[in-house]
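# Descriptive structure summary
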Amino acid sequence: MADSRTRADGGMETSFGFRDVADGDKQPLVNDVFHKVAKRYDIMNDVMSVGLHRAWKNGMIAALNPPSDPDYHVLDVAGGTGDIAFRIIEASHKLAQATVLDINGSMLSVGEERARKKGIADNLTFVEANAEELPFDDKTFDAYTIAFGIRNVPHIDKALSEAYRVLKRGGRLLVLEFSEVEVPILDQVYDLWSFHAIPRVGKAIAGDGEPYRYLVESIRKFPNQQDFAKMIERAGFSRVKFTNYSGGIAALHSGWKL
C-alpha cells in the first residue's frame with residue numbers, strides 16, 4: 001500500500017509522501033517544500049503537533065542535558081531555523097557551541113536572523129550542507145541532534161552513518177521525530193486531524209496546503225519506533241532506546257558512540 005510504513009531495510013529514499021519517485025528525485029522535491037514554508041516553519045510545527053512540539057523539544061534538551069562548557073560542541077542537523085540549537089545554548093548558560101546544518105538556505109536565513117535578534121550568534125555556526133555528506137572531520141562533535149528532520153532525508157542510513165562518523169567516542173545521538181501512535185482511539189483521532197484538518201489549516205495559513213500534505217504523508221511512511229531503532233543500531237550506535245511522547249505521536253530515539 002502506498003501509505004504503509006517503510007521498514008528498517010529502507011524505502012524512504014524513493015518515497016515523497018505517498019508518491020513513489022526515482023532515487024535521486026526526492027531531495028529537490030523536499031527542498032521545494034521547505035523553501036515554501038521556511039518563514040512559517042514554527043507555525044507549521046504548531047499546526048502539526050497542536051503546539052505539543054514545544055514540550056517534546058524541551059524533553060529532548062532535558063535528555064541531552066548540555067553542560068555549561070565552552071568546549072562542548074553540538075551538531076544540530078536539519079535545524080535551519082535554530083529552534084533546537086537555541087534551546088541547547090540557553091540550557092548550557094550560553095557556553096556551549098552549536099553548529100546548525102541544513103540543506104535548505106531559506107531555513108538557515110531564518111535561523112541566522114533569529115540568532116542575531118536573540119544575541120547568541122557568537123555561540124552558533126550555520127552551515128548549508130547535506131546530512132548524507134557532512135563537511136566535518138571524524139570525531140568532531142560531542143552530540144548530534146535532529147528534530148523532525150530525519151524523515152526528510154532520502155537515504156537515512158547514510159545520514160546515521162555520517163552521524164556516527166562525526167561524533168567523538170562517548171558522543172550521543174538524539175533524534176526527535178513524529179512516529180507511530182500506539183494508543184487505541186488516539187490513532188484514529190490523529191489520522192483524522194492529520195489528513196483532513198492539517199492541509200486545510202496549512203492552506204489557510206500559507207495559501208498552499210500541498211506542503212503540509214507531503215509532511216503528513218511523510219510521517220506515515222517513516223519507520224515505526226522499533227524499526228528506526230534497528231536502523232540506528234545498524235549504523236553502529238550502542239544503548240539505543242526510545243521514549244514515546246503523547247502516545248507515540250512523536251518519539252525520542254537515543255544512541256551512543258561507545
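The name given to the protein chain in an unreviewed UniProt entry is Ubiquinone/menaquinone biosynthesis C-methyltransferase UbiE, with the source organism recorded as Martelella endophytica. Under the UniProt heading Sequence similarities (unreviewed entry), the entry covering the protein chain gives this text: "Belongs to the class I-like SAM-binding methyltransferase superfamily. MenG/UbiE family."

## Some words on the nonpolar core
In terms of nonpolar packing, the biggest core is built from 37 residues, with F34, Y41, W56, M60, F148, L176 and F178 touching the most fellow members. Dropping the residues within four chain positions of it, M60 is found in contact with I84, T145, I146, A147, L174, V175, L176, Y245 and L252. One finds L75, V127, A131 and A229 within the second-largest nonpolar core, a separate group that totals 32 residues.

## Remarks on the layout of surface pockets
Put simply, the largest pocket is a space of about 200 Å³. Around the largest pocket sit 17 residues that line it, and A8, G10, I156, D157 and M231 are the ones nearest its centre. Among the secondary structure elements, those contributing two or more residues to the lining of the largest pocket are α6 (156-166) and α9 (225-234). Tallying contributions element by element places α6 first for the lining of the largest pocket, with four residues. The residue makeup of the lining of the largest pocket, split by class, is eight nonpolar, four polar and five charged. Approximately 170 Å³ is the volume found for the second largest pocket. Surrounding the second largest pocket, F16, R19, L29, D32, V33, K36, E210, P211, R213, Y214 and E217 form its lining. Taken together, the elements giving at least two residues each to the lining of the second largest pocket come down to α1 (26-37) and α8 (210-221). If one sorts the elements of the lining of the second largest pocket by residue count, α8 sits on top with five residues. Of the residues contributing to the lining of the second largest pocket, the split by class is five nonpolar, no polar and six charged.

## A look at the sheet that holds strand β3 (residues 73-77)
Reading across the sheet, the seven strands line up as β5-β4-β3-β6-β7-β9-β8 and stay open at both edges, with mixed pairing between neighbours. Of all the strands in the sheet, the pair left with one neighbour each is β5 (124-128) and β8 (238-245). The sheet shows a mean angle of 15 degrees between the axes of neighbouring strands, direction not considered. Of the strand pairs in this sheet, β3 and strand β4 (residues 97-102) are connected by five bridges, and their pairing is parallel. In the sheet register, D76 faces β4, and the bridge partner there is V100. Across the face of the sheet, helix α3 (residues 53-64) comes into contact with β6 (141-147), β7 (167-178), β8 and β9 (250-256) while running at roughly 165 degrees to β7. Of the strands in this sheet, β7, β8 and β9 are in contact with α9, which crosses β8 at around 155 degrees.

## Observations regarding helix α5 (residues 105-118)
Residues spaced three or four apart along an α-helix point in a common direction, a consequence of the helix completing one turn every 3.6 residues. An ideal rise of 1.5 Å per residue puts 20 Å on 14 residues; α5 measures up with 20 Å between its terminal C-alpha atoms. Turning to α5, its buried residues are G105, M107, L108, V110, G111 and A115. One side-chain oxygen of the residue at the start of α5 lies 3.0 Å from the amide nitrogen of S106, identifying that residue as N104. Positive backbone phi, approximately 75 degrees, marks G119, located one or two places after α5.

## Re empty space enclosed by the protein
According to the stated counting rule, one finds three cavities of 30 Å³ or more in the structure shown. Taken as a whole, the largest cavity spans an internal volume of roughly 220 Å³. Secondary-structure elements contributing two or more residues to the lining of the largest cavity are α1 and β4. Here the lining of the largest cavity gets four residues from one element, more than from any other, and that element is α1. Computed from the structure, the second largest cavity encloses a volume of approximately 80 Å³. Around the second largest cavity, the lining comprises 14 residues; the ones closest to its centre are A78, G79, D83, I84 and A147. For the lining of the second largest cavity, the secondary-structure elements that each account for two or more residues are α2 (41-49), β3 and α4 (83-91). Broken down by class, the residue content of the lining of the second largest cavity amounts to six nonpolar, five polar and three charged.

How each quantity is defined
- Residues numbered from 1 in each chain as written.
- Predicted model: local features only at pLDDT ≥ 70, side-chain atom pairs only at ≥ 80, totals over all residues.
- Heavy atoms only, no water.
- UniProt positions renumbered as here; feature names shortened; annotations may be inferred.
- Core = buried A, V, L, I, M, F, W, Y, C linked by side-chain atoms within 4.5 Å.
- Buried < 20%, exposed > 50% of the residue type's maximum accessible area, 1.4 Å probe, protein only.
- Contact = heavy atoms within 4.5 Å.
- 1 Å grid on protein atoms, 1.4 Å probe; cavity = no way out; pocket = protein on both sides within 12 Å on 5 of 7 lines; lining within 4 Å.
- Points joined across faces, edges and corners; volume = space filled by probe spheres on them.
- Helix = DSSP H or I, 4+ residues; strand = E, 2+ residues; numbered from the N terminus.
- Nonpolar A, V, L, I, M, F, W, Y, C, P; charged D, E, K, R; others polar.
- Pairing = 2+ DSSP bridges.
- Axes fitted to C-alpha atoms, helices over the stretch in contact; angles between N-to-C directions.
- Expected span 1.5 Å × (residues − 1).
- Polar contact = N/O pair within 3.5 Å; in protein donor to acceptor, adjacent residues only side chain to side chain.

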